[in-house]
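Overview (structure and organization)
Read off the chains here:
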Amino acid sequence: MSVAITVAVARRVLLQLRRDPRTIALLLVVPCVLMALLWWMYDGDEATFDALGPPLLAMFPFTVMFLVTSVTTLRERSSGTLERLLSMPMGKIDLLVGYALAFGLVALVQALLAVGLTVGLLGLNLAGPIWALGLVAVIDAVLGTVLGLFVSAFAETEFQAVQFMPALVLPQVLLCGLFVSRDALPGVLHAVSAILPLSYAVDAMQQVQNSASLTADFWIDLAVIVGFVVALLGLGAATLRRRTA
Amino acid sequence: MMSVQISGLRVVRGGREVIPDLDAAIPSGQITGLLGPSGCGKTTLLRAIVGVQVIAGGLVTVLEEAAGSASLRRRVAYQTQAPSVYSDLSVRENLEFFAAVLGLAGHAVDDALETVGMTESEQALTGRLSGGQRSRVSLAVALLAKPEIMVLDEPTVGLDPVLRKQLWGTFRELADAGATLIVSSHVMDEAMHCDRLLLMRDGRLIADDEPDALMRRTNTADIESAFLTLVDDDAAA
């Protein structure tokens, strides 16, 4: 693995993003607008806003980064630049980590804005430290990025890549404990939700919200998400082939 | 001395035998032209030399190593037919990125830009350039590392005659400086710029010789007629 090449990839991805101010605006503004909408919907009903806010803060970075990354890497695959890079002294992990680094940075800004707005202005009640919410959001965004990288290998067009969102992300949203608490799910669904990464992200957010000090469960949740990130990075690397038919 | 040795190469794509059984050797420090109609397997052969093509059999050796070896990734450059550059980066940003991946510093970017005559457009967004300019940016990327072998897939397609002449001048300078160039084209009149020609048809080589020798052998005055005569001979055989 080469740090110089990884940084070059991350820098390049951010430079490309800079050329697309509309996407940047959507990435940063939309989560804030949605949180404000949620606050307005439950006008004065603090308990419900408190219950729904943290799971949603876990969902935005995951979903958005999944979409952005799967389309970006699909473009890289279809434009021939990926083949060119892989014929150069470029490690597969350098490329993947470079992408994760760039979108992780974007996610950090996104999380700062969304968490800051939700807790600071909209008055979400939080027992734990606010930075912990941000930390979960960023790791969650990196998770979305690596899942997008992996999935882009199975899409031939941007249409297909976008369709992986309802296929792979929405089930996680349904089962993560937002609609029905995970303990109340039917046995099979509970078992399924236990192998979906978003469940852990939502649980981590809820831990921060409910307890003043960071619990062991919070750190276990984070460790599980990081485990998913590493596993998906490995799978993603396996889809990058230097030789193709 | 030979830069590339190919023996018994067989490539199957989508169930179809694109290259059944091909032998060739490409000499060092020369421009070798790979000519033939579209769809005859030129790109597949070039990809096999670069080592990005899955092959069904045979052996491709480049600079005494197996094609695609990690140690060749700085010594062999490949320009694909479609310009493989980022359209949402400027010309200079593109080259700086690839230079960073290749671990190059200093004048590499400036030199490559100058060689392809894109110095004045270095700040332009690559996606806004004309097709010919974009393919020159792509060529500049291939030139960055001053590679020993350059594999160029139709580098002059869509370029105006003046620029085409310039680029062939550049290729000649690179070969004179010791580089081995393998250039594909389906424009026969470009063949006269090459030291050696490989004529390809249906995944097979039907000739491997110097341009003059080919014309003498076929009793023709230009490469196009030579190619057509060779195709007829090939069909009759």
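Only a predicted model underlies this, so the values are computations on that prediction, with no experimental measurement involved.

Regarding the overall build of chain B
- Counting its regular elements, chain B contains seven helices and 10 strands.
- With the principal axes as the frame, chain B shows a C-alpha extent of 55 × 35 × 35 Å.
- Here chain B holds 237 residues, and 44% of them are scored as buried.
- Considering only intrachain contacts with a sequence separation of at least 6, the fraction spanning at least 24 residues in chain B is 67%.

A short note on the overall build of chain A
- When you go through chain A residue by residue, the secondary structure sums to 10 helices and zero strands.
- Each helix and strand of chain A, placed in order from N terminus to C terminus, yields the pattern α-α-α-α-α-α-α-α-α-α.
- With the principal axes as the frame, chain A shows a C-alpha extent of 55 × 40 × 35 Å.
- Looking at chain A residue by residue over its 245 residues, the buried ones come to 43%.

Regarding the sheet that holds strand 2 (residues 16-27) of chain B
Residue and element names in this part refer to chain B.
- On the basis of which strands lie adjacent, the open sheet formed by four strands has the order 2-1-4-5 and antiparallel pairing. If you trace the sheet from one side to the other, it starts and ends with strand 2 and strand 5 (65-66), each paired once.
- As paired elements, strand 4 (residues 57-62) and strand 5 share two bridges and run antiparallel to each other. Of the residues in strand 5, the one forming a bridge with Thr-61 is Ala-66.

Quick notes on the nonpolar core
- Core analysis: the biggest nonpolar cluster contains 135 residues, and B:Ile49 and B:Ala140 have the highest contact counts within it.
- The dominant element in this core, judged by the number of residues it contributes, is helix 6 (residues 130-151) of chain A, at 13 residues.
- The contact partners of B:Ala140, leaving out residues within four places of it in the chain, are B:Leu95, B:Ala112, B:Leu113, B:Thr115, B:Val116 and B:Met118.

Brief notes about unusual backbone geometry
All names here are of chain B.
- One non-glycine residue, Leu-63, lies in the positive phi region at around 45°.
- By the element assignment, Leu-63 lies in the loop between strand 4 and strand 5.
- Residue class for Leu-63 comes out partly exposed when judged on the 18 C-beta atoms lying within 10 Å of it.

Section: helix 9 (residues 197-210) of chain A
- The terminal C-alpha atoms of helix 9 of chain A, which comprises 14 residues, lie 20 Å apart, in line with the 20 Å expected from a rise of 1.5 Å per residue.
- In terms of burial, helix 9 of chain A is a largely internal element, 13 of the 14 residues being buried.

What to know about the confidence of the model for chain A
- Across chain A, the average pLDDT comes to 90, with 100% of residues at 70 or higher.
- Mean pLDDT across the secondary structure elements of chain A bottoms out at helix 3 (residues 46-78) of chain A, with 88, and peaks at helix 1 (residues 3-18) of chain A, with 94.

Comments concerning helix 7 (residues 223-236) of chain B
All names here are of chain B.
- Here helix 7 is 14 residues long and its end C-alpha atoms lie 20 Å apart, about the 20 Å a rise of 1.5 Å per residue gives.
- Among the residues of helix 7, Ile-223, Ala-226 and Phe-227 are the ones counted as buried. All buried residues of helix 7 fall inside an arc of 100° around its axis, so they share one side. Across from the buried face of helix 7, at angles greater than 90 degrees, the exposed residues are Asp-232, Ala-235 and Ala-236.
- Its buried side turned inward, helix 7 meets strand 3 (31-35), strand 9 (196-201) and helix 6 (211-218).

Here we look at the sheet that holds strand 6 (residues 76-79) of chain B
Residue and element names in this part refer to chain B.
- Spatial strand order, 6-7-8-3-9-10: six strands in an open sheet with mixed pairing. What marks the edges here is a single partner per strand, and that holds for strand 6 and strand 10 (204-209). The average undirected angle you get between the axes of adjacent strands in this sheet is 15°.
- Here strand 9 runs beside strand 10; their pairing, made up of five bridges, is antiparallel. Bridging across to strand 10, Arg-201 finds its partner in Arg-204.

Some words on the environment of A:Gly177
Residues and elements named next belong to chain A.
- Positionally, Gly-177 belongs in the loop between helix 7 (158-175) and helix 8 (187-193).
- C-beta crowding within 10 Å serves as the criterion here: with 19 such atoms nearby, Gly-177 is assigned to the partly exposed category.
- Residues Gly-177 and His-190, spaced 13 residues apart in sequence, show a C-alpha to C-alpha distance of 9.6 Å.
- If we skip the residues at most four places from it in the chain, Gly-177 touches Pro-55, Arg-182, Ser-199, Val-202 and Asp-203.

Let's talk about the pairing of strand 3 of chain B
All names here are of chain B.
- For strand 3, the buried fraction is high: five of the five residues fall into the buried class.
- Here strand 3 shows a buried face lined by Ile-31, Gly-33 and Leu-35 and a second buried face lined by Thr-32 and Leu-34.
- Where strand 3 lies against strand 8 (residues 180-185), five bridges are found, and the strand directions are parallel. Residue pairing in the sheet places Leu-35 in a bridge with Ser-185 of strand 8.

Cut-off values and rules
Residues numbered from 1 in each chain as written. Chains lettered and ligands numbered in written order. Predicted model: local features only at pLDDT ≥ 70, side-chain atom pairs only at ≥ 80, totals over all residues. Helix = DSSP H or I, 4+ residues; strand = E, 2+ residues; numbered from the N terminus. Buried ≥ 20, exposed ≤ 12 C-beta atoms within 10 Å, placed from the backbone. Contact = placed C-beta atoms within 7 Å. Pairing = 2+ DSSP bridges. Core = buried A, V, L, I, M, F, W, Y, C linked by C-beta atoms within 7 Å. Expected span 1.5 Å × (residues − 1). pLDDT = per-residue confidence, 0-100. Arc of directions from axis to C-beta. Axes fitted to C-alpha atoms, helices over the stretch in contact; angles between N-to-C directions.

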